[in-house]
Amino acid sequence: MAERRRRLEPPLWEQLAEASRALPQGERLQKVLAARGFGSRRVCEEIIAAGRVQVNGEVAVLGRRVDVSADKVTVDGEPIGLRDDLVYYLVNKPIGVVTTASDPQGRPTIVELVPSEPRVFPVGRLDVDTEGLIVLTNDGDFAQLIAHPSGGIDKEYLAHVENGRVSPAGLRRLRDGVELEDGLTAPARVSQPEAGVLRLTIHEGRNRQVRRMCEAIGHPVTRLVRTRVGSVADRELAPGAWRHLSLDEVRALGKRTRMAH
Ligand code: URA
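Residues numbered from 1 in each chain as written. Predicted model: local features only at pLDDT ≥ 70, side-chain atom pairs only at ≥ 80, totals over all residues.

Participant: Before we go on, may I ask you to explain the overall build of the protein in this structure?
Facilitator: Scanning the protein for helices and strands turns up 8 helices and 16 strands. For the protein, with 261 residues in total, the buried portion stands at 28%. (Helix = DSSP H or I, 4+ residues; strand = E, 2+ residues; numbered from the N terminus. Buried ≥ 20, exposed ≤ 12 C-beta atoms within 10 Å, placed from the backbone.)

Okay, here's the thing in structure tokens:
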């Protein structure tokens, strides 16, 4: 009985240690890792349990709390890196949602689809009638780099178009660059997986660019979905849903952009 009670009630020093670990300045390690894109909390617990995480040079145990502004956290020897106040979301925008912060017409906005704190903004734009992937962040430098037309970030779209199969000549025009009222577009990568459906990859970000390109070759767009931003794609993300970008995805987008400059 005495043995049982001892086990139920940990010694005082353990209780104090537990209480100090629960101080508000510390965040649970699995939460910190999950927020940085290492996976769900469950996956992050497994990473910790596997001994892959160190805090200030010591292997971390499950339940450990850290103050990310002071503690050095590594996974497999790599610092977790990103500032803890920065967030990066990938959102699958449904039709009817605007990508501006507010809308005079009262339509739903993209920022309403993600947590309200910290405040984030969309990187680039999608038309209200376009669906698909868009990144939201509170990292202004990152946003500026990847939204900049010269950033060289590829964006891939699936466009359903009117008037059936696009002819080889039409595809060639899209590939060579289309003359629009604001000038010639850069060459696009284009394929036609089925008649009247185009997969286009562009890296410019002009207003309604894909719609205007397709219209210019006589095939107005009836449905437009952005399926990839840089190397980031996600077929599982439901319309209206969001997830954190993984650390690798953030780094890949940032690196790709900086290389292009
Ligand atoms: N091109 C368009 O025409 N619309 C978008 O939303 C994005 C690219």
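From this point, things continue past the structure.
Participant: Would you mind showing me how to read the sheet that holds strand β2 (residues 53-55) here?
Facilitator: The strands that make up a sheet pair up through hydrogen bonds in the backbone, lying either parallel or antiparallel. Spatial strand order, β3-β2-β5-β6: 4 strands in an open sheet with antiparallel pairing. One side of each edge strand has no neighbouring strand; the edge strands of this open sheet are β3 (58-59) and β6 (78-79). Relative to strand β5 (residues 73-75), β2 is paired through 3 bridges, and the arrangement is antiparallel. Bridge pairing links valine 53 to valine 75 in β5. (Pairing = 2+ DSSP bridges.)

Participant: Explain the nonpolar core here, please?
Facilitator: It is characteristic of soluble globular proteins that their nonpolar side chains tend to be buried jointly. In terms of nonpolar packing, the biggest core is built from 23 residues, with Tyr89, Ile110, Ile134, Val135 and Leu136 touching the most fellow members. Contributions of two or more residues to this core are made by β7 (88-93), β9 (130-137), α5 (140-147) and α8 (247-260). Ignoring any residue separated from it by four or fewer positions in sequence, one finds tyrosine 89 in contact with Val114, Val120, Val135, Leu136, Trp242, Arg243, His244 and Leu245. Judged by nonpolar contacts, the second largest core, of 15 residues, contains Tyr157, Ala188, Leu200 and Cys214. (Core = buried A, V, L, I, M, F, W, Y, C linked by C-beta atoms within 7 Å. Contact = placed C-beta atoms within 7 Å.)

Participant: Honestly, the site of the ligand in this entry has me stumped. Any pointers?
Facilitator: Every residue lining the ligand is accounted for by Leu126, Asp127, Thr130, Arg208, Gln209, Val210, Arg211 and Leu224. Tallied by class, the residues present in the shell around the ligand amount to 3 nonpolar, 2 polar and 3 charged. (Near = placed C-beta within 6 Å. Nonpolar A, V, L, I, M, F, W, Y, C, P; charged D, E, K, R; others polar.)

Participant: Looking at this model, I keep getting lost on the pairing of strand β14 (residues 197-202). Mind explaining?
Facilitator: Remark: a regular strand shows side chains that alternate across the two faces of the sheet. Residues Leu198, Leu200 and Ile202 point to one face of β14 and are all buried, whereas Val197, Arg199 and Thr201, pointing to the other face, are not buried. Where strand β10 (residues 155-161) lies against β14, 6 bridges are found, and the strand directions are antiparallel. Its bridge partner being in β14, lysine 155 is matched across the sheet by isoleucine 202. Looking at chain direction, strand β13 (residues 189-194) and β14 are connected through 4 bridges and run antiparallel. Note on β14: the bridge partner recorded for serine 191 is arginine 199. Count of turn residues in the β13/β14 antiparallel hairpin: 2 residues, of which glycine 196 carries a positive phi of about 80°.

Participant: Would you mind going over helix α6 (residues 168-176) with me for this structure?
Facilitator: Every α-helix winds through 3.6 residues per turn, so residues three or four apart in the chain are directed the same way. For α6, the set of buried residues is Gly170, Arg173 and Leu174. The arc that holds the buried residues of α6, viewed along the axis, is 95°, so those residues lie on one side. In α6, the exposed positions that point more than 90 degrees away from the buried face belong to Pro168, Ala169, Arg172 and Asp176. The inward-facing, buried residues of α6 abut β13, β14 and α7 (209-216). Trailing α6 by a residue or two, glycine 177 shows a phi angle of about 115°, which is positive. (Arc of directions from axis to C-beta.)

Participant: Explanation requested: the environment of alanine 60 in the structure shown.
Facilitator: Note on placement: alanine 60 falls in the loop between β3 and β4 (65-66). Along the backbone, alanine 60 and valine 73 are 13 residues apart, and their C-alpha atoms lie at a distance of 9.1 Å.

Participant: Explain the environment of alanine 252 to me, please; I cannot follow it from the model alone.
Facilitator: Within the secondary structure, alanine 252 is located in helix α8. Overall, the presence of 15 C-beta atoms within 10 Å leaves alanine 252 in the partly exposed class. Spatially, the C-alpha atoms of alanine 252 and valine 232 are 8.8 Å apart, while their sequence positions differ by 20 residues. In this structure, alanine 252 is in contact with Gly230 and Ser231, ignoring residues within four places of it in sequence.

Participant: Looking at this structure, I do not really get the confidence of the model for the protein. What am I missing?
Facilitator: The predicted structure's coordinates, where accompanied by low pLDDT, should not be read in detail. Considering every residue of the protein, the mean pLDDT works out to 85; 84% of them sit at 70 or more. Every residue in residues 1-6 scores below 50 in pLDDT, and together they form 0 contacts with partners more than four places removed in sequence or on other chains. Per-residue pLDDT stays below 50 along residues 257-261; that stretch engages in 8 contacts with residues further than four places along the chain or on separate chains. (pLDDT = per-residue confidence, 0-100.)

Participant: Can you help me understand the environment of arginine 223 in this one?
Facilitator: Looking at the secondary structure, you find arginine 223 in strand β15 (residues 221-229). Given 13 C-beta atoms within a 10 Å radius, arginine 223 is considered partly exposed. Spatially, the C-alpha atom of arginine 223 lies 5.0 Å from that of histidine 160, the residues being 63 residues apart in sequence.

Participant: Hey, could you run me through unusual backbone geometry in this one?
Facilitator: Excluding glycine, most residues fall at negative phi; most peptide bonds, likewise, are trans. In the segment running from glutamate 117 into proline 118, the intervening peptide bond is cis, with an omega of -10°. A positive phi angle, close to 50°, is found at asparagine 56, a residue other than glycine. The phi dihedral of arginine 208 is positive, around 45°, even though this residue is not glycine. Within the fold, arginine 208 resides in the loop between β14 and α7. For arginine 208, a count of 15 C-beta atoms within 10 Å translates into the label partly exposed.

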